[in-house]
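# Working through the structure, step by step
The residues making up each chain are set out below.
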Amino acid sequence: MTLWLDFETKSECDLKLHGAYNYARHPTTQVLCMAYAFGDEEVRLWTPLHPFPERVANHEGQIRAHNAAFDRLVFQHVLGLEFKLEQFYCTA
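In this report, the structure presented in the accompanying data block is examined.

### Observations regarding the sheet that holds strand β5 (residues 88–90)
Read from one edge of the open sheet, five strands run β3-β2-β1-β4-β5, paired in mixed fashion. Edge strands, defined here as strands with exactly one partner in the open sheet, are β3 (44–46) and β5. Put simply, the sheet's adjacent strands are angled 30 degrees from each other on average, direction ignored. Across the sheet, helix α3 (residues 68–78) lies against β1 (3–10), β2 (30–38), β4 (63–65) and β5, angled at about 70 degrees from β1, the strand it touches most.

This is the structure we're talking about:
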């Protein structure tokens, strides 16, 4: 099943000036929220005030996102979650 997602983030690091990798690794970068859905299921919203969804953390299928490279870096460097590169599909 496909996981669709989109992160909203904030940081003192200028994304356009420093690039996605440096932005994701910057110590001030935070996730504000993540919208996600599995397949045709209803869209859900996660915020850091709640436990991270286990179903997302344990997902082994395809992950689709607009600018998927950015979302992969957010998972890895901001949230500390590792997914296989092959799981990501960019819709941009």
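Next comes the rest of the write-up.
### Here we look at the state of the cysteines
All chains considered together, the criterion is met by zero disulfides. Counting only cysteine sulfurs, C33 is the nearest neighbor of C13, a cysteine outside any disulfide, at a range of 19 Å. Judged by its relative accessible area of 9%, C13 falls in the buried class. Distance from the sulfur of C90, which forms no disulfide, to the nearest cysteine sulfur (C33) is 19 Å. Taking relative accessible area as the criterion, C90 reaches 36% and is therefore assigned partly exposed.

How each quantity is defined
- Per chain, residues are indexed from 1 in the order of the written sequence.
- At least 70 in pLDDT is required for a residue's local features to be given in this predicted model, at least 80 for side-chain atom pairs to be given and counted, and no such filter applies to totals for whole chains, interfaces and linings, which use all residues.
- In computing side-chain values, all of the structure's heavy atoms are included and hydrogens and water are not.
- Strand pairing requires that DSSP identify at least two bridges connecting the strands.
- Only DSSP runs of H or I covering at least 4 residues are called helices, and only runs of E covering at least 2 are called strands; the numbering of each starts at the N terminus.
- Fitted lines through C-alpha atoms give the axes, limited to the stretch in contact for helices. The angle between two N-to-C directions lies from 0 to 180 degrees.
- Contact between two residues is taken to exist if any of their heavy atoms lie within 4.5 Å; hydrogens are not considered.
- In plain terms, two cysteine sulfur atoms within 2.5 Å form what is called a disulfide here.
- Each residue's exposure class comes from its accessible area (1.4 Å probe, protein chains only) as a fraction of the maximum for that residue type: buried when under 20%, exposed when over 50%, partly exposed otherwise.

All we've got here are geometric facts, nothing functional implied.
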